[in-house]
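Residue strings, one per chain:
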Amino acid sequence: MGGTEERQATGSARPTSRDVARLAGVSHTAVSFVFNGRAEGNLSPATQERIRDAAARLGYRPDPVARGLRRRRTAVIGLVTDEIASSPFAGRLLRGAMETAWGSDHLVLTIDSGGDPAKEDAAVAELLDRRVDGIIYAAMSLRRVRVPEGLHRTHSVLANCLPEDDSLPSVIPAERAGGRTAARLLLDEGHRRVAMVGGQDDIASVDRLRGFRDALRAEGITVPKEWVVRSGGEISGGYEGAMRVLDGLPADRRPTGIFCYNDRVAAGVLHAATRLGIAVPGELSVVGYDDQEHMSEFLTPPLTSVALPHRAMGEAAARLVLDSIDTGRTPPATVRRLACPVITRASVGPAPSR
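Conventions and cut-offs
- Residues numbered from 1 in each chain as written.
- Predicted model: local features only at pLDDT ≥ 70, side-chain atom pairs only at ≥ 80, totals over all residues.
- Heavy atoms only, no water.
- Helix = DSSP H or I, 4+ residues; strand = E, 2+ residues; numbered from the N terminus.
- Rg over C-alpha atoms; globule rule 2.2 N^0.38 Å.
- Buried < 20%, exposed > 50% of the residue type's maximum accessible area, 1.4 Å probe, protein only.
- Pairing = 2+ DSSP bridges.
- Right-handed = clockwise from strand over helix to strand, strands pointing away.
- Axes fitted to C-alpha atoms, helices over the stretch in contact; angles between N-to-C directions.
- Left-handed = near helix turned anticlockwise from the far one by under 90°.
- Contact = heavy atoms within 4.5 Å.
- Nonpolar A, V, L, I, M, F, W, Y, C, P; charged D, E, K, R; others polar.
- Phe/Tyr/Trp six-rings, centres within 6.5 Å; stacked < 30°, edge-to-face > 60°.
- Expected span 1.5 Å × (residues − 1).
- Arc of directions from axis to C-beta.
- 1 Å grid on protein atoms, 1.4 Å probe; cavity = no way out; pocket = protein on both sides within 12 Å on 5 of 7 lines; lining within 4 Å.
- Points joined across faces, edges and corners; volume = space filled by probe spheres on them.

Peer 1: Would you mind going over the overall build of the protein chain with me for this structure?
Peer 2: Summing up its helical and strand segments, the protein chain has 12 helices and 14 strands in all. Here the protein chain has a C-alpha radius of gyration of 27 Å; the compact-globule value for 354 residues is 20 Å, and the former is much larger. Structurally, the protein chain occupies a C-alpha span of about 85 × 40 × 35 Å along its principal axes. Taking all 354 residues of the protein chain together, 51% fall into the buried category.

Peer 1: Where do I start with the pairing of strand β11 (residues 285–290) in this structure?
Peer 2: Side-chain direction in a regular strand flips from residue to residue, so the side chains alternate between the two faces of the sheet. Across the six residues that make up β11, a large majority, six, are buried. As paired elements, strand β10 (residues 257–260) and β11 share three bridges and run parallel to each other. Residue pairing across strands places F259 opposite V287, the latter belonging to β11. Between the parallel pair β10 and β11, the chain is carried across by helix α11 (residues 263–276), and the sense of this crossover is right-handed. Across four bridges, β11 lies against strand β12 (residues 304–307) in parallel orientation. Bridging from a neighbouring strand, V287 pairs with T304 of β12.

Peer 1: I tried to follow the packing of helix α6 (residues 90–103) against helix α12 (residues 310–327) on my own but got confused; where do I start?
Peer 2: The angle between the axes and the distance between the axes are what describe a pair of packed helices. Here α6 crosses α12 at 35°, and the two axes come no closer than 6 Å. Considering the relative orientation of α6 and α12, their crossing is right-handed. Together, R92, L93, R95, G96, A97, E99, T100 and A101 of α6 and H310, R311, M313, G314, E315, A318, R319 and L322 of α12 make up the contact between the two elements. In terms of residue class, the contact of α6 with α12 is made up of six nonpolar, four polar and six charged.

Peer 1: Sorry if this is basic, but what is going on with the packing of aromatic side chains here?
Peer 2: The description of two aromatic rings rests on the distance between their centres and on the angle between their planes. Summed over the entire model, instances satisfying the criterion amount to three aromatic pairs. Seen from their ring centres, F35 and Y60 are 5.3 Å apart, and the 75° between their planes marks the pair as edge-to-face. Placement of F35 in helix α3 (residues 28–35) and of Y60 in the loop between α4 (45–58) and α5 (64–71) is noted, with a sequence separation of 25 residues between them. The exposure classification of F35 matches that of Y60, with both residues buried. Both rings, one in F259 and one in Y289, keep their centres 6.0 Å apart while their planes meet at 50°; by these two values the pair is tilted. Residue F259 is located in strand β10, and its partner Y289 is located in strand β11; the two are separated by 30 residues in the primary sequence. Residue F259 shares its accessibility class with Y289, and that shared class is buried. A connected cluster of aromatic rings, assembled from ring pairs, spans F212, F259 and Y289.

Peer 1: Can you walk me through helix α7 (residues 117–129) in this structure?
Peer 2: For an α-helix, 3.6 residues make a turn, and residues three or four places apart therefore share a direction. End to end, α7 covers 18 Å across 13 residues, agreeing with the expected 18 Å (1.5 Å per residue, within 8%). Buried within α7 we find E120, D121, A123, V124, L127 and L128. Looking straight down α7, one finds its buried side chains confined to an arc of 160°; they lie on one side. Among the exposed residues of α7, those pointing more than 90 degrees away from its buried face are A118, K119 and D129. Residues of α7 that are buried make contact with β1 (76–81), β2 (107–112) and β3 (134–138). Within two residues after α7, R131 carries a phi angle of roughly 60°, on the positive side.

Peer 1: I'm lost on the layout of surface pockets in this one. Help?
Peer 2: Empty space among the atoms becomes apparent when a probe as large as a water molecule is rolled across them. Reported here for the second largest pocket is a volume of approximately 450 Å³. Taken together, 24 residues form the lining of the second largest pocket, with M140, S141, Y261, R264 and D290 sitting closest to its centre. Its residues assigned to classes, the lining of the second largest pocket comprises eight nonpolar, nine polar and seven charged.

Peer 1: Sorry, what's going on with the sheet that holds strand β14 (residues 342–343) here?
Peer 2: Hydrogen bonds between backbone groups are what pair the strands of a sheet, and the pairing can be parallel or antiparallel. The strand order β9-β8-β10-β11-β12-β14 describes an open sheet built from six strands, whose pairing is mixed. Looking along the sheet, the strands with just one partner apiece sit at the ends: β9 (228–229) and β14. Helix α8 (residues 175–187) contacts β8 (194–197), β10, β11, β12 and β14 of the sheet and is inclined by roughly 160° relative to β11.

Set out below in structure tokens:
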């Protein structure tokens, strides 16, 4: 036994389960029970603790390859993305998926296809060849996507996108509810003249506007057609849209609150307000969307934003895949919508009293 410990101290050999059994004074089978999840009902708590203590002293870790072969699993989940690995939101979604997988003794192998369908198919084929236990397909922006070839051959879930053929489960943001939340931020401060700037005809834009109008309609408020400006998703679009609804109008005729399609648009709106000499939030309140990292909190003033639940989407997608692996059953092709939380900063204030 002394030789075993000396060997570990010098790093000359990887400790084995038989080394753990010798140090703990138990059978090799007992060690296997502990590290294969079969100890309860077979070993006393004291014996389990003795085995774990011996493993810790030796620095023993179960061989994931051998364990996977016994269980016909590799303890690896694949994550195929279109462009999300290079987007500002990537870290949150990937971190959520990776930490959830790690909590269940799985690793995540990520492949970014750059949005190329042929590369997506090749990525899925490569992951299947490596016998991953399941696959998450994640998109940078919410939209309907072509399901990569081969994805139906394993336990698969989509994150931040919907399958064109409705054949797989999806985890997406609750965009319509997020639009209602944004409207309530303004309504609760007494704003009744409100506009929406930015966005196009994509799923997120449509749902956010629907939710925004839902909340206003419940208060008997109708947004004038000219105050809904579809100006894209960039800073320039926010600036141009804000100038259209603010420039040249007296204070009592222009909006006192603007809901922006995203934080980049909001940055453009803030720039337009500064150019026009309109104080934010004293004369105009601005709500962003996405809570874009390294941006929202550094604007002037710092931006109140409705956050996309990227980390929660990664966690939920990984959990769905892991549950499917454990049960051996494919989850139903349902859509799970996750709440979009509010990040309160300084760009929203009471409506001006006029």
